[in-house]
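Coordinate inspection notes
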Amino acid sequence: MKSYSIGRDAGCDIVLNDNTDVVSRRHAVLTVSSSGKMTITDLSSNGTYINGQRISSNVAVPVTRKDSVSFAHVCTFDWNMIPKSNQWLTYLIIGLVVAAIAAVCAIFIPKIIHRPDEVINPPVVDTLACTITFDANGGQGTMEPQRVNRGQKFGLVGNEFTRDGYTFKGWGEKAEGDEVDYEDRGTVTFNKDVTLYAKWEQKTHTITFIQNDRIVGGTMEVQIVPEGIDTPLTTCAYTKKGYRFVGWNTESNGKGTAYKDGDLVNLKEDLKLYAQWGKGSSTSTTPTTPTTPTTPASSEEENEPDRPVF
């Protein structure tokens, strides 16, 4: 950082010629930082002006070479008295240093920090190697065996098997059971050849049964069904006085997909079913019209066939 004293005193860094004596002996100080930014501080009695505006005394005010600076409205500052900074050279040096650091990091950091799927395995020595064989255990696909050094830590390759309706959980040393011994891409150590069996978890979906009327009695739990397997719907446990249950529908108004009580479903996503109600007692074998309807029925309604009521 460099400071320049400005005034009519012969001891100032920049001497101003003023025959009127309105310019102070030490009128102002210009400060230039290493980055090239400049501020000017007024120390005078008659003021320092930037672009015609007087600045506050004893306050460092930012200024650039494009600004017009005058002292007591008598002398205008000549910017040629201030050498231009080597800011471009500073930025160039900083840029070169940053580029060098980035190059070093690109080479060495991946060898120090890596994700589990980027385990850096040591070179395999055939005389000390063992083979890891991967079994789909009910899944589909193929995976090449993995050769590793005995007794040394290494990263398992990522699972490539798939199984419809199931989620991969990890690897086990036994085909049976649900126990997971090793995570996918986990870091492990083996001293002998081994077969790892894929472990799967059945995907499930929920069926929510909705009464579809405020005056319906009874309750029904959410039904959990396995994905991709034919499963019968839970028998309807709802009741509605004066009406009979006629089935389920994916839309409350009955215009969606219809299901009968106990129908088989094969799901790949959750399902909501709305109960559909028809006129007549739930115990009657043929549709009947309620003997005391809440509103008078027209002659046309009396002759219409029974239909779901929503």
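In what follows, the accompanying structure is described. (Residues numbered from 1 in each chain as written. Predicted model: local features only at pLDDT ≥ 70, side-chain atom pairs only at ≥ 80, totals over all residues. Heavy atoms only, no water.)

**Here's the deal with the overall build of the protein**
The helix and strand tally for the protein stands at two helices and 23 strands. When each of the 310 residues of the protein is scored for burial, the buried share is 31%. Put simply, 52% of the contacts in the protein that link residues at least 6 apart link residues at least 24 apart. If you sum the accessible surface of the protein, you get close to 19,900 Å²; carbon and sulfur atoms cover 51% of it. (Helix = DSSP H or I, 4+ residues; strand = E, 2+ residues; numbered from the N terminus. Buried < 20%, exposed > 50% of the residue type's maximum accessible area, 1.4 Å probe, protein only. Contact = heavy atoms within 4.5 Å. Areas by Shrake-Rupley, 256 points an atom, 1.4 Å probe, with all protein chains shown as cover.)

**Quick notes on the nonpolar core**
In this structure, Leu-30, Ile-40, Phe-71 and Phe-77 are the most contacted members of the largest nonpolar core, which totals 20 residues. Those elements giving two or more residues to this core turn out to be β1 (2-7), β3 (28-32), β4 (38-42) and β8 (69-71). Residue contributions to this core peak at three residues, all from β3. Each residue touching Phe-77, except ones within four places of it in the same chain, is listed here: Ile-6, Ile-14, Leu-30, Val-69, Phe-71 and Ile-82. Judged by nonpolar contacts, the second largest core, of 18 residues, contains Ala-136, Val-148, Phe-161 and Tyr-182. (Core = buried A, V, L, I, M, F, W, Y, C linked by side-chain atoms within 4.5 Å.)

**Thoughts on the pattern of salt bridges**
A full pass over the atoms with the stated rule returns two salt bridges. Arg-8 serves as the salt-bridge partner of Asp-21, at 3.7 Å between the closest nitrogen and oxygen. With Asp-21 in the loop between β2 (14-15) and β3 and Arg-8 in the loop between β1 and β2, this pair connects stretches of sequence that are 13 residues apart. Residue class for Arg-8 comes out partly exposed when judged on its relative accessible area of 27%. Here Asp-213 ties to Lys-240 by a salt bridge, and the two come within 2.6 Å at their closest N and O atoms. Of this pair, Asp-213 sits in the loop between β16 (204-210) and β17 (223-226) while Lys-240 sits in the loop between β18 (231-232) and β19 (243-249), placing them 27 residues apart in sequence. Given the relative accessible area of 6%, Lys-240 is considered buried. (Salt bridge = Lys/Arg side-chain N within 4 Å of Asp/Glu carboxyl O.)

**Here we look at the pairing of strand β15 (residues 194-202)**
Relative to β15, strand β10 (residues 129-135) is paired through four bridges, and the arrangement is parallel. In the sheet register, Phe-134 faces β15, and the bridge partner there is Leu-196. Alignment of strand β13 (residues 166-172) against β15, held across six bridges, turns out to be antiparallel. Bridge pairing in β15 links Phe-168 to Trp-200. (Pairing = 2+ DSSP bridges.)

**Let's talk about the packing of aromatic side chains**
With the rule as written, the count across this model stands at 12 aromatic pairs. Relative to Trp-171, the ring of Phe-134 has its centre 5.0 Å away and its plane inclined at 55°; by these criteria the two rings are tilted. Highlighted residues: Phe-134 in strand β10 and Trp-171 in strand β13, separated in sequence by 37 residues. Neither Phe-134 nor Trp-171 differs from the other in exposure class; each is buried. A ring pair is formed by Phe-209 and Trp-248, whose centres lie 4.9 Å apart and whose planes are at 50°; its orientation type is tilted. Of this pair, Phe-209 sits in strand β16 while Trp-248 sits in strand β19, placing them 39 residues apart in sequence. Taken together, the ring pairs in this structure connect Phe-134, Phe-161, Phe-168, Trp-171 and Trp-200 into an aromatic cluster. Here the guanidinium or amino end of Arg-163 rests over the ring plane of Tyr-166, the centre of that ring lying 3.8 Å away. Note that Lys-240 overlies the ring of Tyr-243, its terminal NZ or CZ placed 4.2 Å from the centroid. (Phe/Tyr/Trp six-rings, centres within 6.5 Å; stacked < 30°, edge-to-face > 60°. Lys NZ or Arg CZ within 6 Å of the ring centre and 35° of its normal.)

**What about unusual backbone geometry?**
Positioned with a positive phi, Asn-137 is a non-glycine residue whose angle comes to about 50°. Following the sequence through the fold, Asn-137 ends up in the loop between β10 and β11 (146-149). The exposure class assigned to Asn-137 is partly exposed, which follows from its relative accessible area of 23%.

**Details of the environment of Ala-72**
Within the element layout of this structure, Ala-72 appears in the loop between β8 and β9 (75-76). Assessed through its relative accessible area of 13%, Ala-72 is described here as buried. Considering only alpha carbons, one finds Ala-72 and Val-23, 49 residues apart in sequence, at a separation of 6.0 Å. Setting aside chain neighbours within four positions, we find Ala-72 in contact with Val-22, Val-23, His-27, Asn-46, Gly-47 and Tyr-49.

**Brief notes about the sheet that holds β13**
In spatial order, the strands read β11-β10-β15-β13; together these four strands make up an open sheet with mixed pairing. In the strand order of this sheet, the two ends are held by β11 and β13, each with one partner. Pairs of neighbouring strands in the sheet enclose a mean axial angle of 30°, with direction left out of account. (Axes fitted to C-alpha atoms, helices over the stretch in contact; angles between N-to-C directions.)

**Observations concerning the side chain of Ser-44**
Summarising the element assignment, Ser-44 is placed in the loop between β4 and β5 (48-50). Of the residues examined, Ser-44 reaches a relative accessible area of 11% and is grouped as buried. A distance of 2.7 Å separates the side chain of Ser-44 from the side chain of Asp-42, its partner in a polar contact. Of note is the side chain of Ser-44, whose polar atom sits 2.8 Å from the backbone nitrogen of Gly-47. Leaving out residues up to four positions away in the same chain, Ser-44 has contacts with Ser-24, His-27 and Ser-57. (Polar contact = N/O pair within 3.5 Å; in protein donor to acceptor, adjacent residues only side chain to side chain.)

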